Each structure stands twice: as C-alpha cells, then as structure tokens.
Amino acid sequence: FTQTDCTVVDTFTCATAPTAVDKFQFKSATCLTPDVTSLVISSGPKNASVPSWGFEDSELTISGTGFSTTACQNQITIGTGGHQCAVSSATATSLVCNVKGNPGSVEPLESLKNQLITVNVLNQGKAIMNLPNPDMAKFKLYPKITSTNIAEGSWAGGSILTLSGIGLLPRGGKEAVLVIFWRSWFSEELRNC
C-alpha cells in the first residue's frame with residue numbers, strides 16, 4: 001500500500017506466512033494488529049480526570065504496540081469529519097501528533113463533544129483501543145478564549161463584547177454566549193435597598 005510520499009517499509013515477522021501456493025491466502029495474527037494502551041495530552045492544557053481532552057494545538061501521545069516507525073504510515077483520525085492528527089514522531093510503541101480542530105480543509109471539529117480517536121497503521125489496519133475507560137479513546141476539544149475587544153464597559157450592560165479564540169463555534173455555526181459579571185459591592189447595594 002502506498003500513500004502520497006509514503007512507502008510502506010516496515011515489515012512484521014511475528015507470524016508465519018501461509019504455506020499453500022495453490023490458494024489465495026493471507027496471514028492474520030493478533031501480533032500484527034496495532035494495540036493502543038494509553039492516550040494522553042502530553043503538551044498543552046488538559047482535563048486532569050480524562051487526559052485525552054484538551055485544546056487546539058494540544059500534543060497527543062499514543063502508546064501501545066504495533067505502530068510503524070515511519071510517521072506517515074500511522075494515520076490518527078479524530079471524529080467522523082476527517083480530522084487528521086498530524087504525526088510528528090513515531091516509534092513501534094509511541095506516536096505523537098498535534099491536534100488541529102480547525103485545519104481549514106474540513107469542517108471545524110465540534111467543541112465539547114466526545115470525538116472518537118482511531119489509529120490506522122498502513123498495511124496493518126486499525127488499532128484495537130485497549131484502554132481501561134472507553135472515554136479515554138475520545139478527544140474533547142475545549143473552547144479557548146485568546147482575546148476580547150474591550151477591557152471595560154458599563155456595569156449596566158449594553159457593551160458589545162467580541163470573544164476571539166479557538167473552538168468557540170461548535171458545528172461551524174454561531175452560538176450565543178452569555179457573559180455575567182458579578183461584583184460583590186453590587187449585591188451589597190441591592191440588599192441595602
């Protein structure tokens with residue numbers, strides 16, 4: 001199997017080849033099936049209780065067995081929309097990729113939704129997700145506000161506030177955001193009325 005600029009060079013010798021020459025046969029063995037045992041955000045902010053939930057540009061480290069040592073032979077996909085997590089480092093037991101929730105070529109990854117992570121090793125097939133918790137085989141993109149357009153405004157409201165960041169548009173559409181500012185002196189004034 002060949003992918004653009006990626007030729008299969010890894011071979012696996014853990015199983016014996018078929019011996020019959022007069023029939024079409026292929027070998028299949030558990031040792032030929034990639035196996036994922038750990039998924040964690042290794043760089044960038046993350047959720048402490050589920051280590052595979054993070055932000056745009058988070059670095060995801062996948063540990064296990066049966067991976068290709070040639071980075072382009074390992075395909076990591078997040079969700080059903082074709083979001084490829086670009087592999088930056090690959091060994092037989094570890095893959096590192098960078099999460100892009102809005103790469104521009106496909107619809108943005110939906111925020112705050114569990115997205116299934118799949119690992120496919122070219123010429124080996126999809127990996128078994130052998131994790132203690134099924135939610136650990138999923139990525140959840142958290143929204144991240146990186147800037148606002150104003151630093152001050154009336155406490156009575158009416159100011160237009162623009163929030164900029166990553167993962168703010170869940171399905172690529174527009175959503176209303178309710179921002180509440182609460183001051184303790186204001187609540188004291190209401191009590192004294």
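Notes on the structure in this doc start here.

Reading the values: rules and limits
- Residues numbered from 1 in each chain as written.
- Predicted model: local features only at pLDDT ≥ 70, side-chain atom pairs only at ≥ 80, totals over all residues.
- Heavy atoms only, no water.
- Helix = DSSP H or I, 4+ residues; strand = E, 2+ residues; numbered from the N terminus.
- Buried < 20%, exposed > 50% of the residue type's maximum accessible area, 1.4 Å probe, protein only.
- Areas by Shrake-Rupley, 256 points an atom, 1.4 Å probe, with all protein chains shown as cover.
- Contact = heavy atoms within 4.5 Å.
- Pairing = 2+ DSSP bridges.
- Phe/Tyr/Trp six-rings, centres within 6.5 Å; stacked < 30°, edge-to-face > 60°.
- Lys NZ or Arg CZ within 6 Å of the ring centre and 35° of its normal.
- Disulfide = S-S within 2.5 Å.
- Salt bridge = Lys/Arg side-chain N within 4 Å of Asp/Glu carboxyl O.
- Core = buried A, V, L, I, M, F, W, Y, C linked by side-chain atoms within 4.5 Å.
- Lys, Arg positive; Asp, Glu negative; His and termini not counted.

**Some remarks on the overall build of the protein chain**
Piece 1. A count of helices and strands for the protein chain gives one helix and 14 strands.
Piece 2. Counting all 193 residues of the protein chain, 30% fall into the buried class.
Piece 3. Counting every atom, the protein chain has about 12200 Å² of accessible surface; 55% of that belongs to carbon and sulfur.

**Looking at the environment of lysine 144**
Piece 1. Tracing the sequence through the fold places lysine 144 in strand β13 (residues 144-148).
Piece 2. Residue classification places lysine 144 among the partly exposed positions, given a relative accessible area of 37%.
Piece 3. For lysine 144 and glycine 54, which are 90 residues apart along the polypeptide, the C-alpha to C-alpha distance reads 9.8 Å.
Piece 4. In contact with lysine 144, not counting residues within four places along its chain, are Phe55, Ser164, Gly165, Ile166 and Leu168.

**Observations concerning the sheet that holds strand β11 (residues 128-129)**
Piece 1. The five strands are arranged β7-β8-β4-β3-β11 in an open sheet whose pairing can be described as mixed. Either end of the sheet is taken by a strand with one partner, and the two such strands are β7 (86-90) and β11.
Piece 2. As defined by bridge partners, strand β3 (residues 35-43) adjoins strand β4 (residues 59-65) across seven bridges and the pair is classed as antiparallel. Bridge pairing in β4 places isoleucine 41 opposite leucine 60.

**Re the packing of aromatic side chains**
Piece 1. Within this structure, the stated rule accounts for two aromatic pairs.
Piece 2. Members of the aromatic cluster, connected to one another through ring pairs, are Trp53, Phe55 and Tyr142.
Piece 3. Between the NZ or CZ atom of lysine 140 and the centre of the ring of tryptophan 53, over which it lies, the distance is 4.1 Å.

**Let's talk about the state of the cysteines**
Piece 1. Overall, the coordinates contain one disulfide when judged by the stated rule.
Piece 2. Across the disulfide from cysteine 85 sits cysteine 97; the S-S distance is 2.0 Å. Disulfide cysteine 85-cysteine 97: the torsion about the S-S bond is 90 degrees, which places it as right-handed. Here cysteine 97 lies in strand β8 (residues 94-98) and cysteine 85 lies in the loop between β6 (83-84) and β7, a separation of 12 residues in the sequence. Neither residue differs from the other here; cysteine 85 and cysteine 97 are each classed as buried.

**Quick notes on the pattern of salt bridges**
Piece 1. Within the structure shown, the criterion is met by three salt bridges.
Piece 2. When the shortest N-O distance is used, the salt bridge between glutamate 110 and lysine 113 registers 3.9 Å.

**Regarding unusual backbone geometry**
Piece 1. The phi angle at aspartate 57 is positive, at roughly 70 degrees, despite the residue not being glycine.
Piece 2. Judged by its relative accessible area of 39%, aspartate 57 falls in the partly exposed class.
Piece 3. In this structure, leucine 112 takes a positive phi of about 55 degrees despite not being glycine.
Piece 4. With respect to the helices and strands, the residue leucine 112 is situated in the loop between β8 and β9 (115-121).

**Regarding the side chain of asparagine 74**
Piece 1. Looking at the element boundaries, asparagine 74 is found in strand β5 (residues 74-78).
Piece 2. With relative accessibility at 4%, the residue asparagine 74 sits in the buried group.
Piece 3. Not counting the four nearest positions on each side in its chain, asparagine 74 is found in contact with Phe67, Ser68, Val87, Ala90, Leu95, Asn120 and Val121.

**Brief notes about the nonpolar core**
Piece 1. Residues Val36, Leu39, Leu60, Ile62, Ile76, Val119 and Phe139 are the most contacted members of the largest nonpolar core, which totals 22 residues.
Piece 2. If you list the elements that add at least two residues to this core, you get β3, β4, β5, β8 and β9.
Piece 3. Once you skip the residues sitting within four places of it in the chain, isoleucine 76 turns out to touch Ile62, His83, Gln84, Cys85, Val87, Leu95, Cys97, Ile117, Thr118 and Val119.

**Side note on the side chain of glutamate 56**
Piece 1. Relative to the elements of secondary structure, glutamate 56 occurs in the loop between β3 and β4.
Piece 2. The buried charged residue glutamate 56 lacks any salt bridge, with lysine 100 as its nearest oppositely charged partner at 4.7 Å.
Piece 3. With residues near it in sequence (within four places) discarded, glutamate 56 still touches Val99, Lys100, Gly101, Asn102, Leu141 and Ile166.

Interpretation note: all reported values are geometric properties and have no functional meaning in isolation.
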